[in-house]
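What follows is the residue order along each chain.
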Amino acid sequence: MQSCSIHHCVLFFLTLTFTTAPVSAAVCPALAKLHQPVILPCENDCSSEAKWTLESNRSVVFARCDQTSCSSLKKEYEISHDQYLKGDLSLTITAADYSKRNTYSCECGINDISTVRLRIEIQMNPGEDLILDLSVPEPVKVIYKSRDSADGEQICTVTQRSLQCKAEYTHRTSLSHPELILRDVQPSDSGSYTIRDLKNNEDIRVYTVSVAGTSQCDV
Ligand SMILES: *[C@@H]1O[C@H](CO)[C@@H](O)[C@H](O)[C@H]1NC(C)=O
């Protein structure tokens, strides 16, 4: 799943070879449960300013620390000055939700220390109904990918308030706009469900679902 363009690989190689600064190129996922706290780990003995930023726009700063104090953009982002002084720059998000599903960068001075992608996992019991919020104008398609398979399969499409699903899903799915409901989930339904906007060919949401305590965290 991890993609690495030649350009990035070369850059990574050069960086590794020619600097002694700590460098991390891998994006590690942090798995959160909806509305639960989650910790984005980052360890570095940082004697200059430390920051958590949005990976795609470094001018969005969620939290920062220096020798005197720490501050954060919003109450939901917590960073501890005591921990910072001990080399622990971990950021706590007090309640994970879909709006916080981003890739976060932990920086010390001008160095990137780590990059953490926040994923939200929905934990369900067998027999429950999975509700997927489509939340965008149609058309969309839903792609299911099981934990062990490399590729996803298209299971449903929604156009003009009508739902078309693969044969094995038709009796278990229904549309109550903007929600698509998959009834009676079983452990074999564990995996990810991607809502893709067909007009812009863009992934709107990825639901990571685990049924009956099987954990998705094997990346
Ligand atoms: C980055 O974030 C800043 C601050 O929120 C914003 O003003 C700016 O437009 C953003 N840049 C991009 C390219 O999105």
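Below: a short report on this structure. (Residues numbered from 1 in each chain as written. Predicted model: local features only at pLDDT ≥ 70, side-chain atom pairs only at ≥ 80, totals over all residues. Heavy atoms only, no water.)

This brings us to the sheet that holds strand β6 (residues 77–78). Read across the open sheet, the 3 strands follow the order β2-β7-β6; overall the sheet is antiparallel. Of all the strands in the sheet, the pair left with one neighbour each is β2 (38–40) and β6. Of the strand pairs in this sheet, β2 and strand β7 (residues 91–93) are connected by 3 bridges, and their pairing is antiparallel. Looking at the pairing, valine 38 lines up with isoleucine 93 of β7. (Pairing = 2+ DSSP bridges. Helix = DSSP H or I, 4+ residues; strand = E, 2+ residues; numbered from the N terminus.)

Quick look at the state of the cysteines now. Between two cysteines, a covalent bond joining their sulfur atoms is known as a disulfide. Evaluated as defined, the whole model comprises 4 disulfides. Cysteine 46 shares a disulfide with cysteine 108; S-S distance 2.1 Å. Taking the sign of the S-S torsion, 95° for the link of cysteine 46 and cysteine 108, the bridge is right-handed. Pair noted here: cysteine 46 is in the loop between β2 and β3 (50–54) and cysteine 108 is in strand β8 (residues 103–108), with a separation of 62 residues, a long-range link. On the basis of relative accessibility, which here comes to 10%, the residue cysteine 108 falls in the buried class. The disulfide partner of cysteine 65 is cysteine 70, and the S-S distance across this bridge is 2.0 Å. Taking the sign of the S-S torsion, about 105° here, the bridge from cysteine 65 to cysteine 70 comes out right-handed. Cysteine 65 sits in the buried class, given a relative accessible area of 1%. The exposure class assigned to cysteine 70 is partly exposed, which follows from its relative accessible area of 22%. (Disulfide = S-S within 2.5 Å. Buried < 20%, exposed > 50% of the residue type's maximum accessible area, 1.4 Å probe, protein only.)

These figures come from the coordinates and say nothing about function on their own.
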